[in-house]
Amino acid sequence: KKLHQQITRHRLYGWVRSPWATLTFAIKRFSHIDGAQSAAAFAFYAFFSLFPLIVLMVTVASTFIDRDRAGSEVIAFVESYIPISGEMQSYIFDTIAGVIHSSGPAGVIALLILVWTSMQFFNTLIQAADRAWGADVHNWWRLPFKSLFFLAIMVGAVLLGIAMPVLVKMAKDWLSPQNDFRSWVYALGGYVIPLVVVFLSLTLFYGLAPRRRIRFSQVWVAALSATALLHGAENLFVIYLKSFATLNAIYGAFGGIMALVLWIYLSGCIFIFGACLCAAQAEVRAAVPETMVPG
């Protein structure tokens, strides 16, 4: 009985200590690998890859649907993940829409250039994930292939995110003609689907990006935490832009661009911190005795 009480106390101590130790270790690892600077590099590459990436996704989607509709759907999907609105959003995405509508289908050489440009921000994230785990950085010839793999996953996730509302509408029409049910399905789908897409994408990235074998149990908590952080940061960023930011007054017509770059930078910080959280969780579980770890 006394031994059982000691084990119980150890487990309760583990419930309190392990999450705090994991968070502390993740913050230290993020600082040690210069996560903020890696996020800045990610923002730089992501911003310059945004136009080519959207054109690439439109090119892929136009093989299934009309090009104009593909452009509208892809832009609407990307807009839902960028928490800026009003003049800022119109300035950016009207420009992107003009580029898409004025350009014809991409040729082979142009498509290869789009793919190469769109891969660049994945290089930064993969290298940051390797440093977070203390793993060797990928060789110069392996890194592009892994970046291409994640680019294909991201394009597939976008196409899935575009197709899901259509599938939800088909299910709604098939299951019930009631208006209440339709509005409930649309509301639930519009809120849950983007979060699920982000969670699954982060789970795949955290599990496959580092140059070492990682189990699903080592990444799903970090992926879920990063998804929640992104959602919370999105809401706070909207409040910040509406209540405190004067980017348009300072940067004029470039205020929307600066807001976009700032949001990409914050997202990069969260992505890289999630990788540090994965490594921290594995490190803490390896250091803490089994009787002190929950479960």
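Residues numbered from 1 in each chain as written. Predicted model: local features only at pLDDT ≥ 70, side-chain atom pairs only at ≥ 80, totals over all residues. Heavy atoms only, no water.

## A closer look at the packing of helix H2 (residues 35-61) against helix H3 (residues 67-79)
Phase 1 of the analysis: With their axes 9 Å apart at the nearest point, H2 and H3 run at an angle of 135° to one another. Judged by the angle between their axes, H2 and H3 are oblique. Between H2 and H3 lies a crossing whose hand is right-handed. Here Ile54, Met57, Val58, Thr59 and Ala61 of H2 lie close against H3, whose contacting residues are Arg67, Ala70, Gly71, Val74, Ile75 and Val78. (Axes fitted to C-alpha atoms, helices over the stretch in contact; angles between N-to-C directions. Helix = DSSP H or I, 4+ residues; strand = E, 2+ residues; numbered from the N terminus. Parallel < 35°, antiparallel > 145°, perpendicular 65-115°, else oblique. Left-handed = near helix turned anticlockwise from the far one by under 90°. Contact = heavy atoms within 4.5 Å.)

## Quick look at the nonpolar core
Phase 1 of the analysis: Counting residues in hydrophobic clusters, the biggest one holds 77 residues, and the most contacted among them are Ile54 and Tyr206.
Phase 2 of the analysis: Residues within four places of Tyr206 in sequence aside, it is in contact with Ile214, Val219, Ala222, Ala223, Ala226, Ile270, Phe271, Gly274, Ala275 and Cys278. (Core = buried A, V, L, I, M, F, W, Y, C linked by side-chain atoms within 4.5 Å. Buried < 20%, exposed > 50% of the residue type's maximum accessible area, 1.4 Å probe, protein only.)

## Thoughts on the environment of Val115
Phase 1 of the analysis: Note that Val115 resides in helix H5 (residues 108-133).
Phase 2 of the analysis: Note: C-alpha distance between Val115 and Ser147 (32 residues apart in sequence) is 9.9 Å.
Phase 3 of the analysis: For Val115, the contacting residues outside a window of four places in its chain are Leu56, Leu148 and Leu151.

## Let's talk about the packing of aromatic side chains
The geometry of an aromatic ring pair is captured by the separation of the ring centres together with the interplanar angle, meaning the angle of the planes.
Phase 1 of the analysis: Per the counting criterion, the structure on display carries 13 aromatic pairs.
Phase 2 of the analysis: Cluster of aromatic residues (ring-pair linked, three or more members): Phe42, Phe121, Phe122, Phe149, Phe150, Phe205, Tyr206 and Phe271. (Phe/Tyr/Trp six-rings, centres within 6.5 Å; stacked < 30°, edge-to-face > 60°.)

## Regarding the confidence of the model for the protein
Phase 1 of the analysis: Within the protein, residue pLDDT values average 77, and 74% of them lie at 70 or more.
Phase 2 of the analysis: Segment residues 1-5 is flagged for pLDDT under 50; beyond a separation of four residues in sequence, or across chains, it makes zero contacts in the model.
Phase 3 of the analysis: In this model residues 290-295 is a low-confidence stretch, pLDDT under 50, and it forms 17 contacts with partners more than four residues away in sequence or in other chains. (pLDDT = per-residue confidence, 0-100.)

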